[in-house]
There are 2 protein chains.
Amino acid sequence: MNIRTLCLAILSAGDTTGYDIRKLSTEGKYSYFVDASYGAIYPALNRLENDGCVTFREESQPGKPPRKVYSITREGHRELIEALCDAPSKDIFKSEFLLIAMSASRLPREALARAIETREVQLKEEVDLIQSLRDSAKDEGTRWVCDYGMACMGGSLAHLQATKDELLAVAQNETERLDAAE
Amino acid sequence: MNIRTLCLAILSAGDTTGYDIRKLSTEGKYSYFVDASYGAIYPALNRLENDGCVTFREESQPGKPPRKVYSITREGHRELIEALCDAPSKDIFKSEFLLIAMSASRLPREALARAIETREVQLKEEVDLIQSLRDSAKDEGTRWVCDYGMACMGGSLAHLQATKDELLAVAQNETERLDAAE
DNA sequence: TAGGCCATGTAACCGGTTACATGATTAG
DNA sequence: CTAATCATGTAACCGGTTACATGGCCTA
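Report on the accompanying structure. Please read these numbers as outputs of a predicted model, since none were measured by experiment. (Residues numbered from 1 in each chain as written. Chains lettered and ligands numbered in written order. Predicted model: local features only at pLDDT ≥ 70, side-chain atom pairs only at ≥ 80, totals over all residues. Heavy atoms only, no water.)

## With respect to the overall build of chain A
Broken down by element type, chain A carries eight helices and three strands. Starting at the N terminus and ending at the C terminus, chain A contains elements arranged as α-α-α-β-β-α-β-α-α-α-α. Relative to the compact-globule value of 16 Å for 182 residues, chain A shows a C-alpha radius of gyration of 22 Å, a clear excess of over 25%. Expressed along its principal axes, the backbone C-alpha trace of chain A runs to roughly 70 × 40 × 35 Å. Buried residues in chain A amount to 46% of all 182 residues. (Helix = DSSP H or I, 4+ residues; strand = E, 2+ residues; numbered from the N terminus. Rg over C-alpha atoms; globule rule 2.2 N^0.38 Å. Buried < 20%, exposed > 50% of the residue type's maximum accessible area, 1.4 Å probe, protein only.)

Structure, rendered in structure tokens:
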């Protein structure tokens, strides 16, 4: 799931610019399972063009900087299919929150409470984002992915809200910590 | 959620070696939300020791290479708490499978079917792992994290199994693809 | 008039992985 | 006899991020 393949996949759904690929992958409909910055996207697009996987036309609209609108080529599509056809590598999931939860019994309760709340807010935001993406999705695949995301994130949020008190109970309160320090 | 903090967090739950930290974070109870390799862990432990955050004793058992058993120090614990106390950064989730699902309508059906099955197997394995970790968990925090993981992964798997046919229906079958090529 | 959006790009940096070296021991 | 497990470590590499440059336009 390198940036090169990501660019090809996004371009296979329609022409765009590097600027918009970045938007799609940090705020748009790819953002909840992908991430990419300018410093990775622009070089990738240049390489793809060099390899004949994409072409671009320069559109200069007055008042705004000219933009390079990229299109995927037959060769690019071939490479994309090839890349997506071999078994997908495992999903990558990294969670600082769960590391904190894991250390609950060694943490001051207030710190844990803050972490839980932050995580709750983050999850809510993500769920809202996916919901709004789902509402405006034209593509069947996109809708399925949004539904999947809603199920996962929504379930995650619900479970967190339902069991957070149990987790909180594991943490140390001030007096226990003082006891332990002796 | 850098390797340094990860090492401190694991050591705060009890003494271990670099070798075992790696095991814990790739096969053990941290593995589903964390990942680290020797090349990252050993240098991190050396730096932590230099900074007075950990100490180690060398245990040489006959027939096996001697091992460095690390313990966290008061200073190390202080740094850990500090690191875990400020708001957790967003969880990172990257999924090649969802990128494939997103491109469903442009993919041959067989390829999508393979991807779905692979993902199903991966999820099942993960759920099984977490289940077994949960069964042998002594620590309250660990149990909570396992339950949380079971809810997320289990929900994810259930949703995938319940809706995979819909996704599959989005993909192109051979004849459609030939049509599109004209 | 300050800041944000559009839009492209690059160079320095960095946190990690991969692949290797070493070597005794045990399991198949 | 081979392969895996234990156990530590390093060097080369790499894919990516961060921070910056550029510059006109629009909004608060």
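Moving on, there is more to tell.
## Points about the protein's contact with DNA strand C
Around DNA strand C, the structure places 19 residues, and the nearest of them are Tyr19, Arg67 and Lys68 of chain A together with Ser37 and Gly63 of chain B. Restricting attention to atoms of DNA strand C within 4 Å of the protein, one finds that 69% of them are sugar or phosphate atoms. Side-chain polar atom of Tyr19 of chain A to a phosphate oxygen of DNA strand C: 2.7 Å apart, as the coordinates give it. At 3.1 Å, a side-chain N or O of Tyr42 of chain A approaches a phosphate oxygen of DNA strand C. Contributions of two or more residues to the surface near DNA strand C are made by α2 (18-26), α3 (38-50) and β2 (67-72) of chain A together with α3 (38-50) of chain B. For the surface near DNA strand C, the residue count by class is eight nonpolar, eight polar and three charged. (Near = heavy atom within 4 Å. Polar contact = N/O pair within 3.5 Å; in protein donor to acceptor, adjacent residues only side chain to side chain. Nonpolar A, V, L, I, M, F, W, Y, C, P; charged D, E, K, R; others polar.)

## Quick word on the packing of helix α2 (residues 18-26) of chain B against α3 of chain B
All names here are of chain B. Two elements in contact, α2 and α3, have axes whose closest approach is 10 Å; the angle formed by their N-to-C orientations is 135°. Between α2 and α3, the angle is such that the two are oblique. Crossing geometry of α2 relative to α3 is assigned as right-handed. Here Gly18, Tyr19, Ile21, Arg22 and Ser25 of α2 come into contact with α3, specifically with Tyr38, Ile41, Tyr42 and Leu45. Residues of the contact of α2 with α3, tallied by class, amount to six nonpolar, two polar and one charged. (Axes fitted to C-alpha atoms, helices over the stretch in contact; angles between N-to-C directions. Parallel < 35°, antiparallel > 145°, perpendicular 65-115°, else oblique. Left-handed = near helix turned anticlockwise from the far one by under 90°. Contact = heavy atoms within 4.5 Å.)

## Details of the protein's contact with DNA strand D
Neighbouring DNA strand D are 20 residues; Ser37 of chain A together with Tyr19, Tyr42, Arg67 and Lys68 of chain B lie closest to it. One nitrogen or oxygen atom from the side chain of Tyr19 of chain B is found 2.7 Å from a phosphate oxygen belonging to DNA strand D. Take Gln61 of chain B: an N or O atom from its side chain is 3.3 Å from a phosphate oxygen of DNA strand D. Looking at side-chain class alone, the surface near DNA strand D contains eight nonpolar, eight polar and four charged residues.

## Looking at the packing of aromatic side chains
Going through the model one piece at a time under the given rule, you end up with 18 aromatic pairs over all chains. Taking 6.4 Å as the distance between ring centres and 70° as the angle between the ring planes, the aromatic pair formed by Tyr148 of chain A and Phe97 of chain B counts as edge-to-face. Note that Tyr148 of chain A is positioned in helix α7 (residues 140-170) and Phe97 of chain B in helix α5 (residues 96-102), a pairing that runs across two chains. The pair Tyr148 of chain A / Phe97 of chain B is uniform in exposure class, with both members buried. Among the aromatic residues, those joined into a ring-pair cluster are Tyr30, Tyr32 and Phe33 of chain A together with Phe93 of chain B. One Lys or Arg, Arg22 of chain B, reaches over the ring of Tyr38 of chain B and ends 4.9 Å from the middle of that ring. (Phe/Tyr/Trp six-rings, centres within 6.5 Å; stacked < 30°, edge-to-face > 60°. Lys NZ or Arg CZ within 6 Å of the ring centre and 35° of its normal.)

## Regarding the interface of chain B and chain A
Between chain B and chain A, the contact holds 61 residues from the first and 61 residues from the second. When chain B packs against chain A, close to 6300 Å² is buried across both sides, 66% of that on carbon and sulfur atoms. Interface area lost by chain B to chain A is led by Glu96, Met102 and Trp144 of chain B, which between them contribute 13%. Linking chain B with chain A are two salt bridges, by the criterion used here. Its salt-bridge partner being Asp91 of chain B, residue Arg119 of chain A comes within 3.1 Å of it at the nearest N-O pair. Summed over the shared surface of chain B and chain A, the result is 20 residue pairs in polar contact (both at pLDDT 80 or more). Elements supplying a minimum of two residues to the side of chain B that touches chain A: α1 (3-12), α4 (74-85), β3 (92-94), α5, α6 (109-135) and α7 (140-170) of chain B. (Buried area = accessible area lost by both parts, 1.4 Å probe. Salt bridge = Lys/Arg side-chain N within 4 Å of Asp/Glu carboxyl O.)

## Re the layout of surface pockets
Estimated volume of the largest pocket: approximately 1200 Å³. What lines the largest pocket is a set of 44 residues, and nearest its centre among them are Ile92, Phe93 and Lys94 of chain A together with Ile92 and Phe93 of chain B. Put simply, the parts of the chain that give the lining of the largest pocket at least two residues each are α2, β3 (92-94), α6 (109-136) and α7 of chain A together with β3, α6 and α7 of chain B. Across the lining of the largest pocket, the residue classes break down as 18 nonpolar, 10 polar and 16 charged. (1 Å grid on protein atoms, 1.4 Å probe; cavity = no way out; pocket = protein on both sides within 12 Å on 5 of 7 lines; lining within 4 Å. Points joined across faces, edges and corners; volume = space filled by probe spheres on them.)

## Brief notes about the relation of the copies chain B and chain A
In screw terms, the move from chain B to chain A is a rotation of 180° and a rise of 0.0 Å along the axis, fitting with an RMSD of 0.0 Å. Such a combination of turn and shift is consistent with a two-fold rotation axis. The position closest to the rotation axis in chain B is occupied by the C-alpha of Phe93 of chain B, lying 2.3 Å away. A share of 100% of the interface residues of chain B reappears at the interface of chain A, consistent with the copies meeting face to face through the same patch. (Least-squares fit on C-alpha atoms with pLDDT ≥ 70 in both.)

## Concerning a nonpolar patch on the surface
All names here are of chain A. Where nonpolar side chains cluster on the molecular surface, the patch consists of Tyr19, Tyr38 and Tyr42 and spans about 290 Å² of accessible area. The residue Tyr19 is located in helix α2 in this model. Residue Tyr19 is classed as partly exposed on the basis of its relative accessible area of 44%. (Patch = residues over 30% accessible without salt bridge, like charges linked within 9 Å, V, L, I, M, F, W, Y side chains within 5 Å. Areas by Shrake-Rupley, 256 points an atom, 1.4 Å probe, with all protein chains shown as cover.)

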